[in-house]
Structure formats: structure tokens, C-alpha cells
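Residue strings, one per chain:
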Amino acid sequence: MTKRAIRVARMFDGERLMDGGVLVLLDGGRIVDVQRGRAEAPEGWPVREEPNGTVLPGLVDAHVHLCADAGPDALGRLAERPDTDLDAVVEASLRAHLAAGVTTVRDLGDRRGAVLRWRAREVRDDLPTVVASGAPVTTVGGHCWSMGGEVSGVDGIREAVRLKAAAGADLVKVMASGGVFTPGTDTTRPQFTDQELTAALTRAHDLGLPVTVHAHALNAVEQAMRVGVDGIEHCTCVTAAGAHVPDEVADRLAASGVAVCATLGTDPAVVTPPEVVAMAARAGLSAAALRDGAATLHRAGVRLVAGSDAGLGPAKPHGILPETLVEYVACGIPAAAALTAATSVGAEVCGLGRRQGRVRPGFEADLLVVDGDPTSDISALRRPLAVYRAGNPVR
């Protein structure tokens, strides 16, 4: 049965809420019609009725690590993990995302192209769409060096970008600063020179690939803007004094149009181990500073996208994106803006904006139905009633 209908109380279409009853018709993996009010489904189309439900596009988590199993030191343990284990970890990670209503993910760091190879083997309509970068480009001994993306110099970074394009990467991820979970790296300083980062960007754009950079350091964020990257992950603006997003930096980010993924969101049931809290503190990061930074970015009008950094550890399991959006709203970001970051804007940043991220005829039938109105109570995302992937119910 390919023809299905969903009748709900309201719809968030990827930008705004529409109330007063909605009927969505699905056929062949696509949305074929969206009707307002009490429209009747065509004869022979089975209808799922959710009288207090809201239908919205399947969510987009724009920052995940599918090879990481969300256990302690998940990224660090990847270096020793047998290649034969990785396919099972990737598929389990994707199932967890799908159960939470996430129908598209952007993987921003696998081990030596494992996600790209997994994706190339078969098309899976029963799992989320995967946009992937392969191993992140980093300096020798730099942040996440064990994933296999170490490079040195301008020629090295150009060749690394060429190889990623040849392997089927959808974008290039560059570690522009040090990171919390790689001992010996510095979250307050850039890892690459302007010339090196420009070389990565130029080669990637020549090959039709966008570039997003991991940047905790304030001077790495400023470097990313100076060079003209397409996206910035984290964007915490760390200095020796700690993490703080200056208003004038936020204004410049907004003017540039760069997509920023603030990677909030943790499992409220998980107590972060003291050693992880200490690592973050040494890196100049705190939960309060991360939330304040996201609030500053939103007030300035920065193009925010939603991503969770899922897989990093027990507090960031796969499928945690609803908590990212709950935290966005707790920062003072309106719920509709948070939902837009995880639907239409997320799809656009992933290069899928012409077919995903909106409830609109002709778009892919990747949908989430939740109990209640998430624009007035974002925690409704914690109560999924149904998830559709390519028009088929998977929950």
C-alpha cells in the first residue's frame, strides 16, 4: 500500500504553524497534497487520525557522528574499533535517530570514510537520509586525528579535499580549532593558517562541495568568517577568559549568512561524569556559556541550524535532537524558529532544500507527528506519535 493519508489538528510546514485541521496525502514516497480544514481523503486511501496531533517535516540533525556509539570516550575508542563493527554501529545509530523523528542526518566525522562506504553499498529507505563528510580534515595530532584525516600544509589539505570528493563526500569538515575530547589540542587557537583554510575552501568549491568548520576558538571563528566558509560548528568563541560570543561577532556572522550549528542538547537523565565536566572547564566551556552563546546568535539573526553532536558520549546519545530544540527554546529562541532550524533550514544546509524539510506537495514524505502543538510546547517533540520515512510508517 503506497497511498496513505494523515489527518491531524495542525501542521508546522517547515516555517509556520497552520491550525484548524490538516489532511496530508502520501503516495509513492512523496507528499501529493496538503488540504486544510475537514477535507475528505480520496476513496480507498487509509487515513491515520490524530485529533490532537501536529504533523511536521521529519527532523534534520545537522551534526552527528554515526560511527560513535555514545559510550564513554566514544570518539577516542574509534581508533581501536574493528572495521567489521562499524556498519552495525552506524545502522543502530540511524535507527535511534529515526525513532526520535529524525529522518535526515549530516555526519560530520567518521573513521576513515566508514559512513561513506556504508552508504555506497545500498540505498536504505527504512533509515534516515545520510549526508556525510567522511573523516574530518585536521592537523597532524590535531582534534580527532585518530579518525584518519590528518594533513600538513597547503598541498596536503588540497589533496585531502580531492580524495574526499572522489570518495563521494557531500561536504568537507575541517577542524579549525582544537577540541575538548582530544588531549593536547587547544580550544583557544586555530589549527590551520588562513592560507591552508583558504586552500581547503577553494578546492572544495571547485569540486562543488561546501565547507563547514569546527571552531571553538574566537580567533578560529573570526578566521572562518575572513576566509568565507559555508558553515561553523559550535561557534563558542573561546578565549583564555572562557566562552563568550561578542555581539559584534554575532552581527558579522548574521551579515555573512554563514550557517551556524550550536550543538546544544544533552540527555537530562544522564549525569555528566566529573572528569568530562573538568575537561570542558579546562577548555573554557560551560553549559551556561553554550546557552548564552546560542541566545546571542539568535538575537543577532544568525542563520542557525540544529545539530546535536550525537554519539559523543552517554549524555549525547543518537536520537537526542528533540533535547537540542528544547534547549534552544530554553535559551529564549522561539519554538517556531527552533523548529525551522531543524526542518527547512536544516534541509537547505544539507543541500536537500528542494525535496526535504517542508510539508509541501512534491516533497519527500518524511514526516513526524507529535502529540500537541510544538510551537507552544516544544517538549511535544518528546512525544512522537508517528514517523514516516519515504511515505512508510516506521513508528
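Read on for an overview of the structure. (Residues numbered from 1 in each chain as written. Predicted model: local features only at pLDDT ≥ 70, side-chain atom pairs only at ≥ 80, totals over all residues. Heavy atoms only, no water.)

**Looking at the overall build of the protein chain**
Each helix and strand in the protein chain was counted, giving eleven helices and 18 strands. Here the protein chain has a C-alpha radius of gyration of 20 Å; the compact-globule value for 395 residues is 21 Å, and the two agree. Of all 395 residues assigned to the protein chain, the portion counted as buried reaches 59%. For the protein chain, restricting intrachain contacts to residue pairs at least 6 apart in sequence, the fraction spanning at least 24 positions comes to 70%. Of the roughly 15100 Å² of accessible surface on the protein chain, 51% is carried by carbon and sulfur atoms. For the protein chain, the centre of its 40 positive side-chain charges and the centre of its 48 negative side-chain charges are spaced 2 Å apart. (Helix = DSSP H or I, 4+ residues; strand = E, 2+ residues; numbered from the N terminus. Rg over C-alpha atoms; globule rule 2.2 N^0.38 Å. Buried < 20%, exposed > 50% of the residue type's maximum accessible area, 1.4 Å probe, protein only. Contact = heavy atoms within 4.5 Å. Areas by Shrake-Rupley, 256 points an atom, 1.4 Å probe, with all protein chains shown as cover. Lys, Arg positive; Asp, Glu negative; His and termini not counted. Charge placed at Lys NZ, Arg CZ, Asp CG, Glu CD.)

**Section: the pairing of strand β7 (residues 129-132)**
Here β7 shows a buried face lined by Thr129 and Val131 and a second buried face lined by Val130 and Ala132. With four bridges joining them, strand β6 (residues 102-107) and β7 adopt parallel strand pairing. The partner of valine 105 across the bridge, within β7, is valine 130. On the question of chirality, the crossover connecting β6 to the parallel β7 by way of helix α2 (residues 114-121) is right-handed. (Pairing = 2+ DSSP bridges. Right-handed = clockwise from strand over helix to strand, strands pointing away.)

**Description of the nonpolar core**
Formed by 92 residues in total, the largest nonpolar core has its most connected members in Val213, Ile232 and Leu253. Looking at this core, the element that brings in the most residues is helix α5 (residues 218-227), giving six residues. In contact with isoleucine 232, other than residues within four places in its own chain, are Thr212, Val213, Ala215, Val221, Ala224, Leu253, Val258, Ala259, Val260 and Cys261. Counting 16 residues, the second-largest nonpolar core is a separate cluster that includes Ile6, Val22, Ile31 and Val55. (Core = buried A, V, L, I, M, F, W, Y, C linked by side-chain atoms within 4.5 Å.)

**Structural notes on unusual backbone geometry**
Phi angles above zero are rare outside glycine, and cysteine 237 is one such case at about 60°. The residue cysteine 237 is located in strand β12 (residues 231-239) in this model. Overall, cysteine 237 belongs to the buried group, its relative accessible area being 1%. In this structure, aspartate 309 takes a positive phi of about 65° despite not being glycine. Residue aspartate 309 is classed as buried on the basis of its relative accessible area, which comes to 7%.

**Some points on α2**
Owing to its 3.6 residues per turn, the α-helix brings residues three or four apart onto one side. Turning to α2, its buried residues number three or more, namely Ala114, Val115, Leu116 and Trp118. On its buried side, α2 packs onto α1 (83-99), β6 and β7.

**Some words on the sheet that holds strand β1 (residues 4-12)**
Across the sheet, which stays open at both edges, the seven strands sit in the order β3-β2-β1-β4-β16-β17-β18 with mixed pairing between neighbours. Two strands in the sheet have a free side with no partner beyond their single neighbour: β3 (30-36) and β18 (392-393).

**With respect to the pairing of β12**
Among the nine residues that make up β12, eight are buried, leaving the element largely enclosed by the rest of the structure. Bridge analysis of strand β11 (residues 211-217) against β12 gives five bridges, and the strand direction is parallel. Directly across from valine 213, in β12, lies its bridge partner isoleucine 232. In this view, the connection linking β11 to its parallel neighbour β12 by way of α5 has right-handed handedness. Bridge analysis of β12 against strand β14 (residues 259-261) gives three bridges, and the strand direction is parallel. Paired with glutamate 233 across the bridge in β14 is cysteine 261. Two successive antiparallel strands, β12 and strand β13 (residues 242-243), enclose a turn made up of two residues.

Fair warning: the whole summary comes from geometry, so function is off the table for now.
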